Amino acid sequence: MAILQLISGIVICQLITYSSKFTLSLNKKYFKSFPSNFLFQIYLGVCSLILIFIFSHELNFKISLQSIWEIIYQTFFLFFISFLLINSIIDKIEKKYSKKEKKEPQGFNPPNKSIFMFMVMFINPITEELLYRGFFLNHISSLNHLVIETSFLTLSAPMILSGLYFGLDHLTLLKKGMNKYFVSRIVIGGVIVGIACSYHQIHHGSFSAAVIAHFMANFTGGFSSFLSNKLKMK
């Protein structure tokens, strides 16, 4: 039964992603100054809310100030160190092998950077968490056996599977012609972020905890990239 929940959860999420293709043409036609995935994110959020309602998954939004502060400082250090390590390792691999390969587009080039940053910081953390944690994590909660249990950290199968799926789902960026090293950073980082968001949602018993963790991931990712670029210029 638990395996069926996992399979059905992945299939449902993939169907949403596949059916979202129509948003790209609409986005290009009516929201030219917006990032190409603007309508996709809105569609993602709406579909997620419908799924949460259909499957009767409860979302608790209440969270204490102490929990918010705990999430902020814990995730900042986790993501900052993780992203710096990931960038450092991928940079070394890219320098070693990319000279022999044709250069590919690096990453995102939004028409309006202000709108893009607003989306990344305030819209994406909500819409993506609605799908990956609000629906998917709750949908596979029956796989509740512990994988890691210490006095400092407890990770269950749903937390890890939700994080893995979140990260690996970003492999679709390769279809958009993005640089594989750039995508590798996002995928590996996405797994860490997904697991952290899942952990905080379950640990604090609040969906808001996952959104805050996701917000911190995007904030820390931008900050670490800015810092890395500054160091490269010296």
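Just above sits the structure.
These figures come from a predicted structure and were not determined experimentally. (Residues numbered from 1 in each chain as written. Predicted model: local features only at pLDDT ≥ 70, side-chain atom pairs only at ≥ 80, totals over all residues. Heavy atoms only, no water.)

Peer 1: So, the pairing of strand E1 (residues 146–149): which residues are in play, and what are the values?
Peer 2: Here E1 pairs with strand E2 (residues 154–156) via three bridges, running antiparallel. Bridge pairing in E2 places Leu-146 opposite Ser-156. (Pairing = 2+ DSSP bridges. Helix = DSSP H or I, 4+ residues; strand = E, 2+ residues; numbered from the N terminus.)

Peer 1: Could you give an account of the pattern of salt bridges, naming the residues involved and the relevant values?
Peer 2: As enumerated under the stated definition, the model contains three salt bridges in all. The residue Asp-91 makes a salt bridge to Arg-185 at a minimum N-O spacing of 2.1 Å. A residue pair is termed long-range when its members are at least 10 positions apart, and Asp-91 in helix H4 (residues 65–97) and Arg-185 in helix H7 (residues 180–204) qualify at 94 residues. Overall, Arg-185 belongs to the buried group, its relative accessible area being 17%. The shortest N-O distance in the salt bridge between Glu-129 and Arg-133 comes to 2.7 Å. Remark: Arg-133 and Glu-129 occur in helix H5 (residues 113–139); sequence separation between them is four residues, near one turn of the helix. The pair formed by Glu-129 and Arg-133 is uniform in burial state, with each residue classed as buried. The network of salt bridges with common partners includes Asp-91, Glu-94 and Arg-185. (Salt bridge = Lys/Arg side-chain N within 4 Å of Asp/Glu carboxyl O. Buried < 20%, exposed > 50% of the residue type's maximum accessible area, 1.4 Å probe, protein only.)

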